[in-house]
Amino acid sequence: MRLEHKYIVALISVFGMFMNLLDLTIVNVAVPVLAFELDASAQEVQWVVTAYLLAVAVGIPVSGWAGDRFGTKLMFVLALAFFTIGSLLCAVAWNIESLIVFRGLQGLGGGLLMPVSQTMVFRAFPQQERSKAAGILIVPTTFAPASGPLIGGIILDYLAWPWIFLVNIPVGVIGIVLALAFLREQREDAPGRIDVPGLVLASGGLAVFLYGLAEAGERGFGDPVVLGFGGAGLALLALFVLVELRTEEPLIDVRLFANRLFALANASQAVAFMGFSATLFLLPLILQLERGMSPFESGLATFPQAIGVMVMAPLLARIYPIVGPRRLVAVGLLAASATTVPLILMDLETDLWWVRGTMFARGVGFSMMLVPLQTAAFAQISMADTGRATAALNATRQVAQSFGVAIIATVLTSRLAHYGAALGPADSVAGSVSAFSDGFVVTAIFIAAGILFALLIRDRDAAATLRARLNSSPG
């Protein structure tokens, strides 16, 4: 039985996306080990994560145009090559400064990889099968980040830290070989010239803004450095929007956000990802620093979220064309908000199976949100605009995740100070638990805000992705 080309495209794309997203959470787990092994301060090691995010911010805006101009197959292979070579260099880094530089190279590949992968998949599937495409894409989007702490814990317990980067190399090489052998080149006939002002403003604005967010976790949002970089980044992004509206061939077509469905899908996913990323930041901290669990044990507690996603995603691909996005997204976010309650009430005596069950239920809710949103967002987007639309969707998600982590890190720091507590010491456990509870309340608010945007979605706007009998529905 010959596999259809659209599924070959999806499987190869998942290879690259999984490696990219897995790497980020593996490195987060390894931060304390890197500080010790490379004789670096906590602030210096934080740049290992920040450099990656900044490089991703540079790569995302140009990805849509580059895929249209040079072909998505070529850009996918180049992105994988950048990421794989960057991983090898990270593994042989001799000090913290060299590791930071090599993480930047790795992040540049990652910034190109995600939008190009999504573009290939959405162009390979016809509109009425976009829910299938979204169901496939959700696997690396959720399974990889949830797997990171688990795999990272195993590597750090039984191997050395360079292996958190070396594991990427065989996956990257296999992905490149498969892409060269099986992918067909996709490019647009008239991609236009590179929008240099847009590239400078978008990449610069995102990088400066994300740097401000990265510093907010340690300094607080009132710090002059955070306000200065954050404000400068927002100013550059605002100028970017004004310039793009007056450009005939924009780098990222911000006019796409005039489309009601695309704008609401972006808004819903943004606040939802703020909440989910913030939760995945808080939960390992309380499990490792307060309950004394190892990274591997902590990963076992959070991993059921990925299982919940995997169980629900195939079912949603069948349900979505019948039910439509509005109710699925709203119910999924409501379920995710409700499952935050056990985390708010959690203390150091809470049974871990209760935590695992909660994370599984959150995975189900997350899947109900993400599959419909990824499908509906492109329901009214033409094939020619798909590359730039995926770049915009990924940029929104990247900023939202960084913003969610920065906010929740600041909330946790301030609440610890309020309760007179610190992370780790046994004499301030009660205060620490209360601080984490307050943090989980904030994550629930983020996710619940997505429900408001979801209820504004009209199913009829996504008619191209639904079954014909629902196309005339007023919902």
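Residues numbered from 1 in each chain as written. Predicted model: local features only at pLDDT ≥ 70, side-chain atom pairs only at ≥ 80, totals over all residues. Heavy atoms only, no water.

Caption draft 1: Focus on the pattern of salt bridges. In total, this model carries four salt bridges according to the counting rule given. As a salt-bridge pair, aspartate 459 and arginine 327 come within 3.8 Å of each other at their nearest N and O atoms. Here arginine 327 lies in helix H13 (residues 325-338) and aspartate 459 lies in the segment after helix H17 (429-454), a separation of 132 residues in the sequence. Accessibility expressed as a relative area gives 8% for aspartate 459, which makes it buried. For arginine 327, a relative accessible area of 48% translates into the label partly exposed. Among the salt bridges present, the one from arginine 458 reaches aspartate 461, with a minimum N-O distance of 3.0 Å. Residue classification places aspartate 461 among the buried positions, given a relative accessible area of 13%. (Salt bridge = Lys/Arg side-chain N within 4 Å of Asp/Glu carboxyl O. Helix = DSSP H or I, 4+ residues; strand = E, 2+ residues; numbered from the N terminus. Buried < 20%, exposed > 50% of the residue type's maximum accessible area, 1.4 Å probe, protein only.)

Caption draft 2: Quick peek at the packing of helix H12 (residues 304-323) against H13. Contact pair H12 / H13: the axes reach a minimum separation of 7 Å and the direction vectors enclose 125°. Looking at the two axes, H12 sits oblique to H13. Residue-level contacts link Leu316, Ile319, Tyr320 and Val323 of H12 to Pro325, Arg327 and Leu328 of H13. Looking at the contact of H12 with H13 residue by residue, the class counts come to six nonpolar, no polar and one charged. (Axes fitted to C-alpha atoms, helices over the stretch in contact; angles between N-to-C directions. Parallel < 35°, antiparallel > 145°, perpendicular 65-115°, else oblique. Contact = heavy atoms within 4.5 Å. Nonpolar A, V, L, I, M, F, W, Y, C, P; charged D, E, K, R; others polar.)

Caption draft 3: Highlighting helix H11 (residues 295-302). Every buried residue of H11 is listed here: Pro295, Ser298, Gly299, Ala301 and Thr302. For H11, the arc enclosing every buried residue in end-on projection is 155°, short of the 170-degree limit, so these residues lie on one face. (Arc of directions from axis to C-beta.)

Caption draft 4: Representation of the nonpolar core. Core analysis: the biggest nonpolar cluster contains 84 residues, and Phe76 and Met369 have the highest contact counts within it. Here the element with the most residues in this core is helix H8 (residues 196-219); it accounts for nine residues. Within the second largest apolar cluster, 29 residues are counted, among which are Leu34, Ala35, Leu53 and Ala91. (Core = buried A, V, L, I, M, F, W, Y, C linked by side-chain atoms within 4.5 Å.)

Caption draft 5: Representation of the layout of surface pockets. One number sums up the size of the second largest pocket: a volume of about 430 Å³. Taken together, 19 residues make up the lining of the second largest pocket; nearest its centre are Leu206, Leu237, Ala395, Thr396 and Val399. Those elements that place two or more of their residues in the lining of the second largest pocket are H8, helix H9 (224-245), helix H10 (260-290) and helix H16 (386-418). The dominant element in the lining of the second largest pocket, judged by the number of residues it contributes, is H16, at six residues. Its residues assigned to classes, the lining of the second largest pocket shows 17 nonpolar, two polar and no charged. (1 Å grid on protein atoms, 1.4 Å probe; cavity = no way out; pocket = protein on both sides within 12 Å on 5 of 7 lines; lining within 4 Å. Points joined across faces, edges and corners; volume = space filled by probe spheres on them.)

Caption draft 6: Structural detail: the environment of serine 337. With respect to the secondary-structure elements, serine 337 resides in helix H13. Sequence separation between serine 337 and valine 441 is 104 residues, and the spatial gap between their C-alpha atoms is 9.5 Å. Contact partners of serine 337, with chain neighbours within four places excluded, come to Ala444, Ile447, Ala448 and Ile451. Reaching out from serine 337, the side chain makes a polar contact with the backbone oxygen of leucine 333 at a distance of 2.9 Å. (Polar contact = N/O pair within 3.5 Å; in protein donor to acceptor, adjacent residues only side chain to side chain.)

Caption draft 7: Representation of the environment of tyrosine 7 in the model. Relative to the assigned elements, tyrosine 7 resides in helix H1 (residues 5-37). Residues tyrosine 7 and phenylalanine 125, spaced 118 residues apart in sequence, show a C-alpha to C-alpha distance of 8.7 Å.

Caption draft 8: Structural detail: the side chain of threonine 302. Its place among the elements puts threonine 302 in helix H11. Beyond its immediate sequence surroundings of up to four residues, threonine 302 is in contact with Leu283 and Met359.

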